Amino acid sequence: MSGGLLVAGTTSDAGKSVVTAGICRWLVRQGVKVAPFKAQNMSLNSFVTREGAEIGRAQAMQAQACRVEPTALMNPVLLKPGGEQSSQVVLLGKPVGELSARGYHGGRQRKLLGTVLDCLAELRGTYDAVICEGAGSPAEINLRRTDIVNMGIARGAGFPVLVVGDIDRGGVFASFFGTVALLSPEDQALVAGFLVNKFRGDVSLLEPGLDMLHGLTGRRTYGVLPFRHGLGIDEEDGMGVRNTRASAPVGEDVLRVAVCAVPLMSNFTDVDALAAEPGVVVRFVDRPEELADADLVVIPGTRGTVRALEWLRERGLADALVGRAAQGRPILGICGGFQILGRHIEDEVESRRGQVEGLGVLPLRVRFAPEKTLTRPEGEALGERVSGYEIHHGVADVHGGEPFLDGCRVGQTWGTHWHGSLESDGFRRAFLREVAAAAGRRFVPAPDTSFAALREEQLDRLGDLIEQHADTDALMRLIESGAPQGLPFIPPGAPA
């Protein structure tokens, strides 16, 4: 078996990442050696592989669903937005420059098709099956000529396409039909059928519509997945907290965590591990008064450190944070948030603003280097083993405070470049005990919360969705043999 499938969507956030992970977990349970693949990803949520390559976190989670180690081959092109008009281009795990949207779609993207197809071919030579995730919609008619992630990759690899639609948004039948009808005959020949996502209610009421859709398009529906809360996996965009558990606190109090929703926030998944703890309440905030009742304030990573610092000052959050630090109330700065807490930032790389004053809470100076730091550090803090990953241009020169991971601590203000450190269970519990003591809360971390086990449970739930609510025999045939022959053309097709 050397098959594959492209999971496309009628829209962004239709559920492509979740469905791809679910199919991957279902396949690996069947004994299939499978890998995920996304040719091009636009996301500020990224991860560092063992070999020091930066890829989208969604693909890292999909690799976990496959029970394999993530590699740069699984996400050869990553675009990290730096504003409304430009993105950093990360190729095979390493940044290669900044490009405007016009510059990228105007020619650079198409030149990468050979590279992404080579990566896909290498995966196909190693695995029994490769499940690809598309981006946005395959029917973006203004971008089809340069497409390397939807029908461009399906055509290049000869993969069948499964189109996912979010019925919870409404209009799913029109979206399915319109997606197919806006594709060229060659592209339509690869669209095997549909998968309905986030359905609420009695499936029998939906079945007449699915029959009509089959009559209109000649394409079947491979499954209807029910709506389930909390199934997101480290999405490319959007902001939310996953892995929450509706469990009562172990101690007498809950612990309230406020996360500053800074512009170009990156790797906000760092707080998922906090939300996984029974009795920890996490919320995103953008006003100073929302910090008043917080036991811990987190300043997360950002692709725009100087811009985020200005935003904090404009909204009055900067003064609130400085006052909070002076009162000895807990603050945690991660990556860009750590840099913001320092005294000075010298940035000729990201914002090109030169010397900028930080909040002055932690004793460090930050200089932005052209080369990006991409590492997977391990160490010890608070008497516990801890690991994480680093993704940053800023180099911190720390002069004072107590050591804390790669950063420092002054009083109850903590700063580090390490993403993912809170996923280390013993370290997270020790940190929360310190926060609770400083906040005067009778909060006790649960002794048995395993973040890795919760991740596995979540991926198994995705596999269950596919196994229980999709036609898995038909899906397996699709992956092994490709799109059915003789699928009808639906006019009008792609414009000239």
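What comes next concerns the included structure. (Residues numbered from 1 in each chain as written. Predicted model: local features only at pLDDT ≥ 70, side-chain atom pairs only at ≥ 80, totals over all residues. Heavy atoms only, no water.)

1. Describing the sheet that holds strand β12 (residues 220–226)
Here six strands make up an open sheet; going across it, the order is β2-β9-β1-β10-β11-β12 and the pairing parallel. Among the strands making up the open sheet, the edge pair consists of β2 (34–37) and β12. This sheet shows a mean twist of 20 degrees between the axes of neighbouring strands, independent of strand direction. Inspection of the sheet shows strand β1 (residues 3–9) paired to strand β10 (residues 161–166) by four bridges, in the parallel sense. Its bridge partner being in β10, A8 is matched across the sheet by V163. Against the sheet, helix α2 (residues 57–66) touches β2 and β9 (129–133), its axis set at about 170 degrees to β2. (Pairing = 2+ DSSP bridges. Helix = DSSP H or I, 4+ residues; strand = E, 2+ residues; numbered from the N terminus. Axes fitted to C-alpha atoms, helices over the stretch in contact; angles between N-to-C directions. Contact = heavy atoms within 4.5 Å.)

2. Thoughts on the sheet that holds strand β3 (residues 40–42)
In a beta sheet, neighbouring strands are held together by backbone hydrogen bonds and run either parallel or antiparallel to one another. Spatially, β3-β6-β7-β8 is the arrangement adopted by the four strands of the open sheet, whose pairing is mixed. Lying at the two open borders of the sheet, with one neighbouring strand each, are β3 and β8 (94–100). This sheet shows a mean twist of 25 degrees between the axes of neighbouring strands, independent of strand direction. Where β3 meets strand β6 (residues 77–81), three bridges bridge the pair, whose relative direction is parallel. The residue of β6 that forms the bridge with N41 is L78.

3. Some points on the state of the cysteines
In total, this model carries zero disulfides according to the counting rule given. Among the cysteines around C260, which has no disulfide bond, C335 carries the closest sulfur, lying 15 Å off. Overall, the relative accessible area of 0% leaves C260 in the buried class. The thiol sulfur of C335 is not disulfide-bonded, and the nearest other cysteine sulfur, from C408, lies at 14 Å. (Disulfide = S-S within 2.5 Å. Buried < 20%, exposed > 50% of the residue type's maximum accessible area, 1.4 Å probe, protein only.)

The quantities given are spatial measurements derived from coordinates; they are silent on function.
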